[in-house]
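# Geometric and topological summary
As a plain string of letters, each chain reads:
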Amino acid sequence: MGKIRETMNRFLQGRYGYDELGKLLLIVGVVFYFLGTIFRSSTISLLGSIVMFYELFRLLSKKHWDRGEENRKYLKFKKLWKLRFEERSTSRIFLCKSCGKFIRVPKGKGKIQITCPTCGHSSVHRT
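As a starting point, this report considers the structure included with it. (Residues numbered from 1 in each chain as written. Predicted model: local features only at pLDDT ≥ 70, side-chain atom pairs only at ≥ 80, totals over all residues. Heavy atoms only, no water.)

A separate point is the side chain of Asp19. Here Asp19 is to be found in the loop between α1 (2-12) and α2 (20-38). The residues contacting Asp19, other than those within four sequence positions of it, are Arg58, Arg67 and Asn71. (Helix = DSSP H or I, 4+ residues; strand = E, 2+ residues; numbered from the N terminus. Contact = heavy atoms within 4.5 Å.)

Take the packing of aromatic side chains next. As enumerated under the stated definition, the model contains three aromatic pairs in all. Geometrically, the ring pair formed by Phe77 and Trp81 is tilted, given 6.2 Å between the ring centres and 55 degrees between the ring planes. A residue pair is termed a helical-turn pair when its members lie 3 or 4 positions apart in one helix, as Phe77 and Trp81 do in helix α4 (residues 64-86) at four residues. Judged by relative accessible area, Trp81 falls into the partly exposed class, the value being 46%. Positioned over the ring face of Phe11 is Arg15, at 4.4 Å from the centre of the ring. In this structure, Arg88 is placed above the aromatic ring of Phe85, and the distance from its NZ or CZ to the ring centre is 4.0 Å. (Phe/Tyr/Trp six-rings, centres within 6.5 Å; stacked < 30°, edge-to-face > 60°. Buried < 20%, exposed > 50% of the residue type's maximum accessible area, 1.4 Å probe, protein only. Lys NZ or Arg CZ within 6 Å of the ring centre and 35° of its normal.)

Here is the structure:
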């Protein structure tokens, strides 16, 4: 048993591993797979299998920078939507296209020009 564990440890050295995006992909894949099984839809089951295989690919990848970038983009997307949900009654949250900072604007002001306080990039949005 010790030899198998040692072989597995050598194989997994230098691999990317598990992260937040990996958790999401695994959950989505399992849910799709089971929904496909329950409703006897091979298309949904296949989609779930593809998502789980992509998660396995990410888990075993040696390209740490690429997988880290994917995870950082996912975390930024998640943070933006969490802020938008929390502030939905009083404010609108916009993402600056130039520097990527979040800009909070009061809701109900109509169509206004928003200037980023960090980089100075301006754009027109409807609140």
